[in-house]
Amino acid sequence: MSVEFDTTITEKDMYQFNLYHAYHGFQGIAATLVGVWVLIMAAVTFGKVEIMYTLLYLVFGVVFLVYVPVSLNLRSKQQIRSSEILKQALHYKIDDTGVHVSQGEETADLEWKQIYKMAATKNSLLIYSNRVNAYVIPRKAMGEQYEKVVGLAVNHLEGYRLKLNPFHI
C-alpha cells in the first residue's frame, strides 16, 4: 500500500507544532504549573502582604503563561519566512519502506526503523526523525488518506513509538 500527497506548511501549522513540542515535555508542564501556582499565590496573598509582592506574583504568573506561546508564535513566523524550503510544497509518499519526501529535484527517505516516533494532534501528523525534528503534515493535506497512513505506521512501528491519540484519529 502507498499513500501520496502534497502539502505546504503554514505559519499556523508551524506554531501548532512548536506548541505541541514545547508543552508535551517536562519543561512545558512545569512552566504551566509554576505560572498557575504564582497566580494563585497572588490571589491568596492579596491584602496580606505589600501590594508590590502581589504585583510581582501577577507579573511572574503572566510571564510564565504568556511568554512561551507568544515567543513560539514569533519564532514560527520567522521559521516560515526565512526558509525557502518551507515556503514551497513538499511531496510525500508513505509506503511499506517508509516516508519519502521530495521537493523539486531534492529527495529524502526515512525508513520505518529510522522514525523516532509518530504523533497525532488535532490538526497535524508529526513524524519525528529524532527527539526535536519532525515532518509536520497538516491533516487536511492527507484528507481521507490519513487512516491509511496511520495503518502503515501501526504495521511498521512499535507501540511505544506511536502517540496516536484515539480522539485525533
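Residues numbered from 1 in each chain as written. Predicted model: local features only at pLDDT ≥ 70, side-chain atom pairs only at ≥ 80, totals over all residues. Heavy atoms only, no water.

## With respect to the sheet that holds strand 4 (residues 106-111)
Here 4 strands make up an open sheet; going across it, the order is 1-2-3-4 and the pairing antiparallel. Unpaired on one side and paired on the other, strand 1 (2-7) and strand 4 mark the two borders of the sheet. When strand polarity is set aside, the average angle formed by the axes of neighbouring strands in this sheet is 15 degrees. Two elements, strand 1 and strand 2 (residues 90-95), share 6 bridges in a ladder whose sense is antiparallel. When the sheet's bridge partners are listed, Thr7 is paired in strand 2 with Leu90. (Pairing = 2+ DSSP bridges. Helix = DSSP H or I, 4+ residues; strand = E, 2+ residues; numbered from the N terminus. Axes fitted to C-alpha atoms, helices over the stretch in contact; angles between N-to-C directions.)

## A few points about the layout of surface pockets
Of the volumes computed, that of the largest pocket is approximately 820 Å³. Counting residues per element, the ones that place at least two in the lining of the largest pocket are helix 1 (11-23), helix 2 (26-45), helix 3 (51-82), helix 4 (84-87), strand 2, strand 3 (98-103), strand 4 and strand 7 (134-138). Looking at the lining of the largest pocket residue by residue, the classes come out as 21 nonpolar, 12 polar and 2 charged. Every residue lining the second largest pocket is listed: Tyr20, His21, His24, Gly25, Tyr116, Lys117, Tyr128, Arg131, Tyr160, Arg161 and Lys163. A per-class count over the lining of the second largest pocket returns 4 nonpolar, 3 polar and 4 charged. (1 Å grid on protein atoms, 1.4 Å probe; cavity = no way out; pocket = protein on both sides within 12 Å on 5 of 7 lines; lining within 4 Å. Points joined across faces, edges and corners; volume = space filled by probe spheres on them. Nonpolar A, V, L, I, M, F, W, Y, C, P; charged D, E, K, R; others polar.)

## Side note on the pattern of salt bridges
Applying the stated rule across the entire model yields 6 salt bridges. Lys140 serves as the salt-bridge partner of Asp13, at 3.9 Å between the closest nitrogen and oxygen. Taken as a pair, Asp13 in helix 1 and Lys140 in helix 5 (residues 139-142) lie far apart in primary sequence, 127 residues in all. Using a relative accessible area of 4% as the deciding quantity, one classes Asp13 as buried. Here Asp95 makes a salt bridge to Lys93, at a shortest N to O gap of 3.9 Å. (Salt bridge = Lys/Arg side-chain N within 4 Å of Asp/Glu carboxyl O. Buried < 20%, exposed > 50% of the residue type's maximum accessible area, 1.4 Å probe, protein only.)

## Overview of the packing of helix 2 against helix 3
Closest axis-to-axis distance for the helix 2/helix 3 pair is 8 Å, and the angle between their directions is 160 degrees. With respect to helix 3, the element helix 2 is oriented roughly antiparallel. Both helix 2 and helix 3 take part in a crossing whose hand is left-handed. The segment helix 2 lies against helix 3, with Ala31, Thr32, Val34, Gly35, Val36, Val38, Leu39, Met41, Ala42 and Thr45 engaging Thr54, Tyr57, Leu58, Phe60, Gly61, Val62, Phe64 and Leu65. (Parallel < 35°, antiparallel > 145°, perpendicular 65-115°, else oblique. Left-handed = near helix turned anticlockwise from the far one by under 90°. Contact = heavy atoms within 4.5 Å.)

## What about the sheet that holds strand 6 (residues 124-128)?
With mixed pairing, 4 strands are arranged side by side in an open sheet as 7-6-5-8. Edge strands, defined here as strands with exactly one partner in the open sheet, are strand 7 and strand 8 (162-164). Across this sheet, the average inter-strand angle for adjacent strands is 10 degrees, counted without regard to direction. As defined by bridge partners, strand 6 adjoins strand 7 across 5 bridges and the pair is classed as antiparallel. Across the sheet, Ser124 pairs through a bridge with Pro138, a residue of strand 7. On the sheet, helix 1 packs against strand 5 (117-120), strand 6, strand 7 and strand 8 and is oriented at approximately 60 degrees with respect to strand 6. Strands in contact with helix 6 (residues 146-156) are strand 5, strand 6 and strand 8; relative to strand 8, the strand with the most contacts, it is inclined by about 150 degrees.

## Some remarks on the nonpolar core
Counting 24 residues, the largest nonpolar core has Phe5, Ile94, Val99, Trp112, Met118, Leu125 and Ile127 as its most contacted members. Within the residue set of this core, elements represented by two or more residues are strand 1, strand 2, strand 3, strand 5, strand 6, helix 6 and strand 8. Among the elements that line this core, the one with the most residues is helix 6, at 5 residues. Residues within four places of Leu125 in sequence aside, it is in contact with Met118, Ala119, Ala120, Tyr135, Val136, Ile137, Arg139, Met142, Tyr146, Val149 and Leu164. Counting residues in hydrophobic clusters, the runner-up holds 9 residues, among them Ile9, Met14, Phe17 and Val136. (Core = buried A, V, L, I, M, F, W, Y, C linked by side-chain atoms within 4.5 Å.)

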